[in-house]
Amino acid sequence: MRITTSRLVYRFSLSTICGAVLVTPATLAAEAPSEQLQEVVVTGSLMRREDIVTPSPVTVITAEDIQNSGLTTVTDLVRAVSADNSGTIPTAFGLGFAAGSSGVALRGLTVNSTLVLIDGRRATAYALADDGERSFVDLNSLPLDAVDHIEVLRDGASSLYGADAIAGVVNIILRPTFQGASTSGEVGFAAHGAAASRRFTAAFGAGDIKADRFNAYIDLEYQKDDRLLVGSRGFPFNTNDLSSIGGNNLIYGQPAQSTGSVYGSVTPGTLGTPGDLTSGVPLAGAVSQPLRPCGPSSTAATDASGNAYCAQNLLANTDDQPKQERYGALAKFTLQLTDSAQAYLTASYYQNTVVIDNLLRQIQNSTPHNTNTLALPPTLPNGALNPNNPFAAAGEYALINYALGDIPSPQTERNRVSRLVTGVKGKAADWDYDSALVINHSSLSTILSGFPSFSGLLNAVTNGTYSFIAPSTNSAAARAAIAPTVEKTSATDLDSIDVRATRPLLDLPGGALQLGVGAEGRYESQFDPDLNAALDILGLGVSQTEGSRTIYAAYAELDAPIIKALEVDLSGRYDHYGDFGGKFVPKAGFKFTPVQQLIVRGTYSEGFRAPSFAENGSSSSEGFINYTPPPSFQAAHGSDGYVQQYSLAQFSVSNPKIKPETSHSYTFGVVIQPIRQLSLSADYYYIKKRDVIAQSTPAAALAAYYAGQPLPAGFTITPDAADPNFPTALARPVVVASPYLNENSLSTDGLDLELRAHLEIAPRVRYSTDLEATKIFSWKLALPDGTTQQYVGTQGPYILSSGAGTPRYRGRWTNTVNFGPATVSAIAYYVSGFYMYGADVAPPPACLYNDPAGNPFPGNCHVASFMDVDLTGDYKFGDHLLVSGAIENVADRKPPFNPANYATVNYNPTYAQTGIIGRFFRVTMSYRF
């Protein structure tokens with residue numbers, strides 16, 4: 001992806017680096033003797049400038065870059081930036097709190113430390129918080145066809161933009177005007193499986209700003225992507241039975257693991273507590289048997305204890321890629337009021353629907369009610385023998401394991417985002433000004449099916465109103481009673497009004513001293529009700545958030561070209577929040593150009609992140625991670641199914657006393673251009689956050705629990721029902737609860753590299769290469785007790801990164817050849833491997849995934865690196881028709897094996913989703929009228 005700055009690049013063919021154009025007098029004289037360089041505003045500054053190299057590094061993704069990439073969403077474009085790392089959210093993570101969304105996390109500081117803007121102004125947050133805690137802007141709700149370019153500021157920017165810009169800023173710049181008409185249609189299909197995509201766009205515009213004094217256009221966009229089934233992939237990405245390669249057999253149906261198939265299994269038993277059907281205890285020496293004969297898609301099996309069951313790969317019909325459908329419209333009207341004033345109105349509506357086909361629901365669950373030892377009674381209330389209980393004639397209870405195969409379990413997330421922006425900009429009395437009113441609302445519908453109701457399940461078990469033996473005979477009413485559909489509507493709002501202005505103050509030896517000032521008033525709110533307020537739905541985590549606040553801010557920037565070779569930039573902002581008070585943050589930067597071939601630049605900035613409504617408002621959340629107990633605990637249970645990998649719940653509640661996060665950071669870099677055709681940049685960054693708001697790390701509490709010691713202050717642990725095979729042994733933990741806390745600090749540092757070259761290798765034949773890479777040196781969390789956790793190069797932070805980890809290297813290398821009407825590009829994407837350690841769960845070298853004997857699996861506890869290559873090309877037929885094609889993942893590379901990842905099945909969707917999709921083809925036809 002090219003690192004350029006805007007349409008100026010095409011007009012002047014300027015050499016660029018890190019989003020900044022290196023402009024020299026020789027360049028202008030040789031390439032544009034009759035042109036006057038246009039001034040533009042670059043993200044991270046208020047100032048209009050000709051020399052676009054700022055003290056901060058900026059990556060700019062142009063319209064040409066978008067075309068050459070072959071990518072079709074803002075999500076894919078932004079998340080391909082090498083600085084995006086730990087905590088980033090892929091749409092494929094359908095089991096997450098923020099299901100249906102996608103978010104960017106620059107510098108690995110999670111999605112709530114990267115600010116996303118549209119035309120330099122804030123956008124409303126997704127209505128579901130990541131992990132029930134972190135607010136962020138959903139990239140899936142942003143248009144692509146109406147985008148002019150995207151600017152990614154890889155530096156702290158709270159001094160101009162306020163909260164959340166600790167790690168950087170992503171600024172989506174929309175097309176300012178459009179004339180004529182254009183349309184495009186695209187189809188895509190996978191080489192393996194039935195996944196396909198369709199995309200259609202159209203734009204219509206009229207009016208010339210200079211001649212007609214107005215422009216109006218409308219842009220329409222539609223895209224539909226089919227689901228991709230886990231069962232359509234090959235081993236080991238299609239099953240949780242890894243026994244054939246030495247791993248665990250977590251196939252569904254095993255009574256020892258409290259899971260059932262759609263055929264079920266039952267064990268003769270009695271009740272530990274008379275009258276309590278959830279207190280089933282197996283009879284001495286009893287073993288399970290299938291509830292009904294094993295049928296299609298299952299295999300008769302017997303475990304080491306003699307328990308017979310129907311093994312079934314229920315994961316096969318779940319999603320690696322959920323079904324997604326997006327459509328929307330954006331309209332913009334611009335009116336030239338006077339020669340120096342312009343009014344504009346932008347209105348948009350986008351709807352994104354993601355349908356996630358989840359695992360068939362188990363009637364066994366540990367939370368919010370433990371049904372792992374549910375028992376079918378021998379008789380019904382009317383005295384008749386229970387037809388579901390094969391041991392009824394003997395007067396015995398039947399402990400049951402069962403999956404609701406006759407009740408589908410899709411999850412639908414439909415996000416509707418409407419946005420209205422109107423304002424006036426222009427020039428008056430030496431001031432360049434821009435003011436705007438923003439009204440932005442999102443409404444998210446969540447519909448969940450298939451989750452069992454605790455009360456409905458107990459009623460059905462007690463009265464025999466649901467047939468477990470012959471589920472096809474169940475009526476719609478019986479199914480609805482045992483698993484009712486639950487739904488909610490969540491919403492967020494962001495309303496703001498702002499004004500910003502700049503002007504030259506006086507002339508310095510290096511140019512004009514410029515002043516920029518601005519003021520903003522903003523209202524934010526979030527309403528996300530709980531789907532499980534009555535704690536009746538089994539297996540559904542608790543999550544609810546409600547809050548609102550008003551923010552007022554003032555900010556200023558001073559840009560001083562002290563001499564021709566030295567520019568200094570100073571800025572600062574004060575924000576006052578209605579819920580926690582005020583905060584002032586400054587920033588300083590410099591750019592030194594001793595010779596035209598070399599630029600040295602650097603910045604120091606302070607920042608802050610305001611607590612989200614989930615963290616300091618009215619909220620609570622419960623989420624789940626895949627968890628394997630330590631080897632010593634497994635040994636105490638004979639390493640049976642009870643102590644193999646299972647879902648551990650973490651319950652967090654808001655803390656009204658929580659403080660905002662604060663940060664300081666700095667960058668230092670060089671831009672080198674020995675010749676016009678070659679440029680190189682290197683930028684070092686360091687960020688330290690204090691008072692980090694986080695769910696309390698459960699590692700210490702779990703260690704104390706296993707050791708039989710008192711838990712750390714603020715923690716509680718809920719144990720599971722006893723292991724049937726070892727009833728006197730310590731029960732496994734199923735819920736770890738604690739409030740949000742301000743952790744001590746977090747620090748990370750690393751290096752961004754960029755190499756660009758442009759060569760004309762023959763008449764009308766141009767070659768360009770762009771190499772972008774990020775290396776993280778350190779990513780370290782310091783806890784309140786003084787201990788530290790290092791995450792770089794590991795799968796930590798395991799809990800808040802969806803098990804994605806923190807790879808040390810990410811990179812992208814683009815090679816493009818233009819010859820006449822044709823363009824061909826090859827883009828390689830790389831992410832380094834890491835160890836399956838998660839210091840937030842257990843201290844390294846404890847592996848996050850072990851084999852049945854408690855040894856690391858794989859033996860080196862390592863996930864391999866991943867690289868895939870895309871090929872794209874287009875051909876222009878005259879002035880109107882453009883035909884484009886793309887082959888994604890040309891080599892059909894498979895994703896690295898990662899059994900500890902809990903977002904999907906044995907691979908990492910955050911960095912290797914293209915590997916699970918495999919080779920994918922796209923063909924597009926575009927016509928400009």
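Relevant structure appears above.
Note that the coordinates shown come from a computational prediction; the quantities given were computed from them, not determined experimentally.

Caption draft 1: Representation of the sheet that holds strand β8 (residues 147-153) in the model. On the basis of which strands lie adjacent, the open sheet formed by five strands has the order β5-β8-β9-β6-β7 and mixed pairing. Edge strands, defined here as strands with exactly one partner in the open sheet, are β5 (58-61) and β7 (121-122). Bridging between strand β6 (residues 114-118) and strand β9 (residues 168-174) involves five bridges; their strand directions are parallel. Note that in β9 the partner of Thr114 across the bridge is Gly168.

Caption draft 2: Layout of the side chain of Arg199. As for its position among the elements, Arg199 is in strand β11 (residues 196-206). Looking at Arg199, its side chain comes within polar contact range of the side chain of Glu221, at 3.3 Å. If we ignore the near neighbours within four places in the chain, the residues touching Arg199 are Thr72, Leu144, Asp145, Ser184, Gly185, Glu186, Glu221, Tyr222 and Gln223.

Caption draft 3: Layout of the environment of Leu144. Looking at the secondary structure, you find Leu144 in the loop between β7 and β8. By relative accessible area, Leu144 is classed as buried at 7%. Residues Leu144 and Leu160 lie 16 residues apart in sequence; the distance between their C-alpha atoms is 26 Å. Residues within four places of Leu144 in sequence aside, it is in contact with Ile66, Leu71, Thr72, Thr73, Val74, Leu77, Arg199 and Glu221.

Caption draft 4: Here's a closer look at the packing of aromatic side chains. Applying the stated criterion across every chain yields a total of 23 aromatic pairs. Ring geometry for Tyr798 versus Tyr902: centroids 5.1 Å apart, planes at 75 degrees, classification edge-to-face. Linking Tyr798 in the loop between β41 (788-790) and β42 (809-819) with Tyr902 in the loop between β47 (881-888) and α11 (909-917), this pair joins segments that are 104 residues apart in sequence. Both residues of the pair, Tyr798 and Tyr902, count as buried. Grouping aromatic residues by their ring pairs yields a cluster made of Tyr666, Tyr684, Tyr686 and Phe777.

Caption draft 5: Spotlight on the nonpolar core. Judged by nonpolar contacts, the single largest core of 46 residues is most densely connected at Ile150, Val170 and Ile172. Looking at this core, the elements that each hand over two or more residues are α4 (74-79), β6, β8, β9, β35 (678-690), β40 (765-782) and β43 (822-831). Core analysis: the next-biggest nonpolar cluster, separate from the first, contains 32 residues, Ala701, Tyr705, Tyr902 and Ala903 among them.

Caption draft 6: View of helix α6 (residues 454-463). When α6 is considered as a whole, its buried residues turn out to be Phe454, Gly456, Leu457, Ala460 and Val461. Across the axial projection of α6, the buried residues extend over an arc of 165 degrees, all falling on one side. Structurally, α6 contributes buried residues whose contacts are with β22 (375-376) and α7 (476-482). Gly464, located one to two residues past α6, shows a positive phi value of around 70 degrees.

Caption draft 7: Region of interest: the pairing of strand β34 (residues 661-675). Where strand β31 (residues 598-609) and β34 come together, 12 bridges link them in antiparallel fashion. Residue pairing across strands places Glu606 opposite His664, the latter belonging to β34. Pairing of β34 with β35, which is carried by 12 bridges, proceeds in the antiparallel orientation. Residue pairing in the sheet places Phe668 in a bridge with Tyr684 of β35.

Calculation rules
Residues numbered from 1 in each chain as written. Predicted model: local features only at pLDDT ≥ 70, side-chain atom pairs only at ≥ 80, totals over all residues. Heavy atoms only, no water. Pairing = 2+ DSSP bridges. Helix = DSSP H or I, 4+ residues; strand = E, 2+ residues; numbered from the N terminus. Polar contact = N/O pair within 3.5 Å; in protein donor to acceptor, adjacent residues only side chain to side chain. Contact = heavy atoms within 4.5 Å. Buried < 20%, exposed > 50% of the residue type's maximum accessible area, 1.4 Å probe, protein only. Phe/Tyr/Trp six-rings, centres within 6.5 Å; stacked < 30°, edge-to-face > 60°. Core = buried A, V, L, I, M, F, W, Y, C linked by side-chain atoms within 4.5 Å. Arc of directions from axis to C-beta.

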